[in-house]
Amino acid sequence: EAQVTQNPRYLITVTGKKLTVTCSQNMNHEYMSWYRQDPGLGLRQIYYSMNVEVTDKGDVPEGYKVSRKEKRNFPLILESPSPNQTSLYFCASSSGQNTYYGYTFGSGTRLTVV
Amino acid sequence: DAKTTQPTSMDCAEGRAANLPCNHSTISGNEYVYWYRQIHSQGPQYIIHGLKNNETNEMASLIITEDRKSSTLILPHATLRDTAVYYCIVRVIYNQGGKLIFGQGTELSVKP
């Protein structure tokens with residue numbers, strides 16, 4: 001089944017403890033992106049990647065890092081998480097950044113930073 | 001990308017058609033109308049998109065007015081599983097970063 005897989009689904013962590021949220025897609029998509037969703041603010045793009053080793057900032061990149069060493073994986077790294085990064089995170093992929101057919105989203109990762 | 005306006009919430013009876021409106025009065029000629037939905041904090045799901053012609057797929061139909069300033073998403077026979085937040089998004093096909101700008105959407109409640 002074609003899908004975007006995120007792990008973990010739920011995570012509670014403490015301020016300052018580095019963490020990684022993984023994202024993997026099995027559709028050979030070139031484009032991948034991370035969003036966060038917060039009440040009243042909707043979904044906002046954090047980072048995106050147009051292909052292996054090509055990444056760029058979205059609208060809210062502060063406090064996050066990403067890497068794209070393989071086509072299928074696009075992990076989101078929080079080097080020193082803070083409570084304002086408590087949010088619902090989604091990874092998305094598509095065959096191109098300007099795909100005609102829409103993006104496929106993962107099921108989400110609910111992160112709580114205490 | 002043009003801004004969209006949607007009603008905050010709507011109800012629909014199960015088995016009836018759900019018609020979700022969207023206003024995008026500032027849409028440009030090269031901007032498409034996309035619809036996504038999000039079921040209870042799951043990842044958004046692509047539904048349909050169009051430029052100026054009406055479109056239909058296995059999930060829904062999209063009706064775009066001739067002046068392209070508004071559109072309607074139609075779920076022909078709504079079921080309880082169609083209860084979700086529906087987002088109307090206007091964007092050019094080629095934008096830097098490929099991001100989708102999600103507004104507040106319409107919360108559709110399908111009732112038995």
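Since this is a predicted model, take the numbers as computed values, not measurements. (Residues numbered from 1 in each chain as written. Chains lettered and ligands numbered in written order. Predicted model: local features only at pLDDT ≥ 70, side-chain atom pairs only at ≥ 80, totals over all residues. Heavy atoms only, no water.)

1. A few points about the overall build of chain B
We apply this condition: Secondary structure counts use DSSP, requiring at least four H or I residues in a row for a helix and at least two E residues in a row for a strand, with both numbered from the N terminus. In this treatment the radius of gyration is a C-alpha quantity, and the globule benchmark scales as 2.2 Å times the residue count to the 0.38 power. For every residue, the accessible area (1.4 Å probe, protein chains only) is compared with the maximum for its type, and the residue is labelled buried under 20%, exposed over 50%, or partly exposed between those bounds. Per-residue and other accessible areas follow the Shrake-Rupley method at a 1.4 Å probe size, with only the shown protein chains counted as cover for residues. Charge assignment: positive for Lys and Arg, negative for Asp and Glu; neither His nor the chain ends contribute. Taken as the charge location is NZ of Lys, CZ of Arg, CG of Asp or CD of Glu.
Secondary structure summary: chain B contains zero helices and nine strands in total. Along chain B, helices (α) and strands (β) appear in the sequence β-β-β-β-β-β-β-β-β when read from the amino end. Relative to the 2.2 N^0.38 estimate, which gives 13 Å for 112 residues, the radius of gyration of chain B is 13 Å and therefore close to what a compact globule would have. In terms of overall dimensions, chain B has C-alpha extents of about 40 × 30 × 25 Å along its principal axes. Counting across all 112 residues of chain B, residues that qualify as buried make up 47%. Within the structure as shown, chain B displays about 5,700 Å² of accessible surface, and the carbon and sulfur contribution to it stands at 48%. Taking the average location of the 10 positive side-chain charges in chain B and that of its 10 negative ones, the two points are 3 Å from each other.

2. What about the nonpolar core?
Put simply, the test is: Throughout this description, the term nonpolar core refers to a set of buried Ala, Val, Leu, Ile, Met, Phe, Trp, Tyr and Cys residues connected via side-chain atoms within 4.5 Å. Throughout, a residue-residue contact means that at least one pair of heavy atoms, one from each residue, lies within 4.5 Å.
Trp-35, Leu-73, Tyr-86 and Leu-108 of chain B are the most contacted members of the largest nonpolar core, which has 21 residues in total. The set of elements that each furnish at least two residues to this core consists of strand 2 (18–23), strand 3 (31–38), strand 4 (45–50), strand 6 (61–64), strand 7 (70–75), strand 8 (84–92) and strand 9 (106–111) of chain B. The leading source of residues in this core is strand 8 of chain B, at four residues. Ignoring any residue separated from it by four or fewer positions in sequence, one finds Tyr-86 of chain B in contact with Gln-6, Leu-20, Trp-35, Tyr-36, Arg-37, Ile-47, Leu-73, Leu-75, Gly-105, Thr-106 and Leu-108 of chain B. Of all hydrophobic cores here, the second largest spans 19 residues; its members include Leu-19, Trp-34, Leu-78 and Cys-91 of chain A.

3. Focus: the packing of aromatic side chains
Residues and elements named next belong to chain A. Note the threshold: Side-chain rings of Phe, Tyr and Trp (the six-membered ring for Trp) are treated as a pair once their centres are within 6.5 Å; stacked means planes under 30 degrees apart, edge-to-face means over 60, and tilted covers the remaining angles.
Using the criterion set out here, one finds ten aromatic pairs over all chains in the structure. On the numbers, 5.9 Å between centres and 50° between planes, the contact of Tyr-35 with Phe-105 is tilted. Here Phe-105 lies in strand 10 (residues 104–105) and Tyr-35 lies in strand 4 (residues 31–38), a separation of 70 residues in the sequence. Assessed through its relative accessible area of 0%, Tyr-35 is described here as buried. For Phe-105, a relative accessible area of 9% translates into the label buried.

Honestly, it's all geometry; don't read function into it.
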